[in-house]
Structures are given as structure tokens and as C-alpha cells.
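Spelled out, the chains give:
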Amino acid sequence: MKVFDAYAAYYDLLYKDKDYAGEADYVLKLLSAAGIHGGDMLELGCGTGRHAELFAASGFRMHGVDLSEPMVRQAVERFAALPGHAFEVADVRALRLDRRFDAVVSLFHVFSYQSSNEDLDRAFATASVHLRSGGAFVFDFWYGPGVLSDRPVVRVKEMSNESSTVLRIAEPIFFPNENCVDVRYRILLTEQATQAVHRFEETHRMRYLFLPELQGLSAAHGLQIVGAYRCQSHQPLGFDAWTGTVIAVKR
């Protein structure tokens, strides 16, 4: 089973408190500062399309891809009344669309899911090959110095709506020689009407990344990093920054 498939059906419930609008606005401001105010956008790891919906409302024509077929299906349904946008199931490491975009965006730490050197290299190649000259690539990631300074611990999250309650327990396991953390998710979904409980388990391997390796990967694929910040800010990365955002421009 692919990562996220088991709980794709209630993914939006689990993240209903996520600041999608604030994240999208932040990305749009980064792109605007790079001279990109609209056009064609490729989203690597589009999920259920909530970021894409906001980018589309700001004038971008969206093409979203995700490895999870159930999530792509929800994105397609979300855009059913909005022509001119496309979503498909695809692997960000292998995608080749034979077209160029003004912007490539990858959020929710999709690039930290690229846990091997080969995975990262192939994902950067995908971003680069789909950008026009002068186009920009924006992505977020787990920032190594911050993760190592404030190591992940067991976390419990519970969210509810009128039909369901979802409880998620996240247990991290460190692999320091691989710069990775395995996050084991145990998920319990309770139906409000029947009180039936469904149980799922998934393990997500996350790689924490360092700025020098991102600079090297960017340069190897014709990209130049023009900004590296704490998420949703213009503050520099530091030991107290758990996640970071990078914007790189295609040379």
C-alpha cells in the first residue's frame, strides 16, 4: 500500500486545522518576488488539491501529480467545475510531461519523502526539467539542524467532524547514519453514527536535509537557490527551525 492510501479518505479531516491559505499566500509572495505572478504551475505532491485550489484562485493553471490515486481522485472532484486544470497519478521521481511551467511547487515536505540520494536527485531533475528558463521552484522540507536540535517525539492528534473522529499516534524512530526518521502512524477512525472503529498503520520515512546538499543538488540541475527561510517567514534557517522553505530559479 502506498503512503497515505490507507487514510486518504479522511486526510482533509486530519489536517482541517492546517493553514493552507497562509501557506499558499506565502508561496505566492515568494513567486511574486521572483517575478512570477501567474501562468502554468506544476505541483509535485498535490494531495487532495487544497493548495492547488488556492493557487488556481490566484490565476495559475494547475497541473498536479501525486502518488496516491485516492488523493488524486479527490483533487479531480474538487476541480470538477473548474476547467483548464489537470491532476494525475505519478511518481515525482519519474514524471516527464514534455512541457514547461512558470513555477514548480512541492509542499508538505514531499522532498523529505525522497529518502535516498537517488530519490532526491531524480526529484530535483523532475523539477528542473519542467521549468522554463527564469521559472521558480519552491519546496519545503525537514531542516536537519532543527530536527537534530529538537528531536521528534511521540505525538497524538485527534480531529472530529459530524461523521467521524480520527485519532493519530505518531512514533518516531531515528536512523542517524541515513539522516532519516521513520514515523510510524497508528490511526483509529471512529464513525459517529455507529461507533465502529477502523484501525490503520503506516510508516513514513522522512529525510532531514541540509542546505549545502540542497545547494549542490540545485546547482547540478541548473537551479540557483535565491532564498532559504524558516517556513512562512523570511527569517534565516537556524537550529530552532524545524522546517524550511527554499526558492530556486532555473538558470
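Parameters and conventions
Residues numbered from 1 in each chain as written. Predicted model: local features only at pLDDT ≥ 70, side-chain atom pairs only at ≥ 80, totals over all residues. Heavy atoms only, no water. Pairing = 2+ DSSP bridges. Helix = DSSP H or I, 4+ residues; strand = E, 2+ residues; numbered from the N terminus. Axes fitted to C-alpha atoms, helices over the stretch in contact; angles between N-to-C directions. Buried < 20%, exposed > 50% of the residue type's maximum accessible area, 1.4 Å probe, protein only. Right-handed = clockwise from strand over helix to strand, strands pointing away. Core = buried A, V, L, I, M, F, W, Y, C linked by side-chain atoms within 4.5 Å. Contact = heavy atoms within 4.5 Å.

Digging into the sheet that holds strand 6 (residues 155–160)
In step 1: Pairing within the open sheet is antiparallel, and its four strands lie in the order 6-7-8-9. Looking at strand neighbours, the two that pair on one side only are strand 6 and strand 9 (197–207), the edges of this open sheet. Direction aside, neighbouring strands of the sheet carry axes that sit 20° apart on average.
In step 2: Judged from the 11 bridges that link them, strand 8 (residues 180–191) and strand 9 form a sheet pairing that is antiparallel. Residue V183 lies in a different strand from strand 9, and its bridge partner there is H204.

Quick look at the pairing of strand 5 (residues 131–142)
In step 1: Of all 12 residues that make up strand 5, nine are buried, and the element is covered over most of its length.
In step 2: With five bridges connecting them, strand 4 (residues 101–106) and strand 5 associate as parallel partners. Residue pairing across strands places S106 opposite F139, the latter belonging to strand 5.
In step 3: The β-α-β motif built from strand 4, the intervening helix 5 (residues 117–129) and the parallel element strand 5 has right-handed crossover chirality.

Some thoughts on the nonpolar core
In step 1: L44, F111, F124, F137, F139 and F141 are the most contacted members of the largest nonpolar core, which has 28 residues in total.
In step 2: Elements represented by at least two residues in this core include exactly strand 1 (39–44), strand 4, helix 5, strand 5, helix 7 (211–220), strand 10 (223–230) and strand 11 (243–250).
In step 3: Setting aside residues no more than four positions away along its own chain, F111 makes contact with L44, S106, L120, A123, F124, F137, F139, D140 and L209.
In step 4: Core analysis: the next-biggest nonpolar cluster, separate from the first, contains 25 residues, A24, M62, F79 and V138 among them.

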